[in-house]
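Residue-level structure breakdown
Listed here are the chains, written in short residue letters.
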Amino acid sequence: MSNLKYWVWLSALRGLGGSTALELLHQFGSPESLYYADQEELRQAGLDGRTLAAVEDRSLSETDRILGECDRLGLRILTIQDTEYPDRLKNIYDPPLLLYVQGRLPLFDEEVALAMVGTRDCSAYGITAAETMSHSLAKQGALIVSGLAKGIDAAAHRGTLRAGGVTAAVLGNGHDVIYPPENRSLYADIAAAGVILSEYPPGTRPEGKHFPVRNRIISGLCLGTVIVEAPRRSGALITAELALEQGRDVFAVPGPIDSPASAGCNRLIRDGAFLAADSWDILREYVGRYPHKLTAQAVEPIQPLETEPPAPSSRRRAKEEPAEEAAPALPVLDLSVDHGLTDDQMAILRALEGEMQVDDIIEVTQIPARRVLSALTLLELENYVTQSSGKRFSLQVTLQ
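Numbering of residues starts from 1 in each chain and follows the order in which that chain's sequence is written. Only residues with pLDDT of at least 70 are given local features in this predicted model, and only at 80 or more are side-chain atom pairs given and counted; all residues enter the totals for whole chains, interfaces and linings. Think of the side-chain values as coming from all heavy atoms in the structure, minus any hydrogens and water.

In this section: the packing of helix α11 (residues 210-220) against helix α12 (residues 235-245). Here an axis means a line fitted to C-alpha atoms, over the contact stretch when the element is a helix, while the angle between two N-to-C directions is reported on a 0 to 180 degree scale. Comment: elements are numbered from the N terminus, with helices defined as DSSP H or I runs of at least four residues and strands as E runs of at least two. Running from amino to carboxyl end, α11 crosses α12 at an angle of 50°, the nearest separation of the two axes being 9 Å. Judged on the interaxial angle alone, α12 and α11 are oblique. You can see that α11 and α12 cross each other, and the crossing is right-handed. Across from Pro212, Asn215, Arg216 and Ser219 in α11, the residues of α12 making contact are Gly235, Ile238, Thr239, Leu242 and Ala243. When residues are grouped by polarity, Ala, Val, Leu, Ile, Met, Phe, Trp, Tyr, Cys and Pro land in nonpolar, Asp, Glu, Lys and Arg in charged, and all others, Gly among them, in polar. Of the residues assigned to the contact of α11 with α12, the class counts are 4 nonpolar, 4 polar and 1 charged. Any angle that falls under 35 degrees is termed roughly parallel, while one over 145 is termed roughly antiparallel, one within 65 to 115 roughly perpendicular, and all others oblique. Crossings are sorted by hand: turned counterclockwise from the far helix by less than a right angle, the near helix makes the crossing left-handed, and turned clockwise it makes it right-handed. Contacts were defined at the residue level, with two residues in contact if any of their heavy atoms lie within 4.5 Å.

Quick look at the structure:
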């Protein structure tokens, strides 16, 4: 492995994008080989003028400053060629060349790591949902990754720490810059019990352009991304898009249909994201692959200081009913009365017999897949149908 100072030199070159740095690393094998390459070798590599000018800056003054700050702050540097560098992250389109690490680095590739993100300007409902969901996920063995921003991110970290779980924070700035300032104590708690990561060296200010770039690391470290609360234009939705591009699962917590803060989540569900009404809606997707990591258990909702938790959904109440009690009678839905249902929704309700998979519903109704998924999502939100493992749907009402 090359000396770390050459890795820091390459990552800190001005005007050199991450993808260009990775291409140079691929061509020369190591940052040290690039550093000592002569002009002829650089020209033969086909470098354009801008890249050539950047690489010919052999000054190590900024490198020495960064390494000195890492020593002062107790940071270690993880490069993309280190064995500890997570394969999940290495295999995304544009992985970071290196990461500055504070705390204990978990083996992400062996963990049920889940990103949980959302809007900074969240509601009391969003805070409750994020804290409760992250607490329950952590209690059952998941590792929660977020961005240490105010709002949903901070709530996700708090809920995980209160459960005694492991959480990872990915910054859009240097480790020595606490942003936002009100998260100072949370920053210290995560550094002590989890890990804080950044591709930005110490001294880097939290510029707006850094955070969308940072989001690819949050989703790239994880099996799935949970969006708790997000308006139609939100950085959290950028993370969801990145997760999909990386082949990861996307889950969304539904919210009130008249709440702008939940509009993005409700749209994700409409477009095919997994609906996450409780932690098991998420974990059931991974328990088959990670049975040694996950432990299904009834977890009492935590009580965030900001607000009381919302009333449990009918799906959650059904799950918590003692097994020996008789199941309550299903409510009656009279389809001859106008309930505001679309033709697609009524056709699906009439077609459902027992538990049916989406493909079977499409075959029976002859309705296109996208319309079936959209209709099922709305029917589930209204508690007319329920979803079980394997994307199986069944009626929650008795038709009349």
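What the 3 strands build is an open sheet, ordered β11-β13-β12; its pairing is antiparallel. The open sheet is flanked by β11 (356-357) and β12 (385-388), the only strands paired with a single partner. In short, DSSP must find at least two bridges between two strands for them to pair. Pairing between β11 and strand β13 (residues 392-395): 2 bridges, direction antiparallel. Across the sheet, residue methionine 356 finds its bridge partner in β13, namely phenylalanine 393.

Remark: exposure states derive from per-residue accessible area (1.4 Å probe, protein chains only) relative to the maximum for the residue type, with buried under 20%, exposed over 50%, and partly exposed in between. Here strand β5 (residues 167-170) shows no split at all, with Thr167 and Ala169 on one side and Ala168 and Val170 on the other all buried. Bridge count between strand β4 (residues 143-146) and β5: 3 bridges; the pairing is parallel. Residue serine 146 lies in a different strand from β5, and its bridge partner there is alanine 169. Crossover connection from β4 via helix α9 (residues 152-162) to parallel β5: handedness right-handed. One ladder, built from 3 bridges, connects β5 with strand β6 (residues 195-198); its direction is parallel. From the neighbouring strand, alanine 168 faces β6, where its bridge partner is valine 195. Running through helix α10 (residues 184-193), the crossover from β5 to the neighbouring parallel element β6 is right-handed. Handedness of a crossover is defined as follows: orient the strands so they point away from the viewer, and if the path from the first strand over the helix to the second runs clockwise, the crossover is right-handed.

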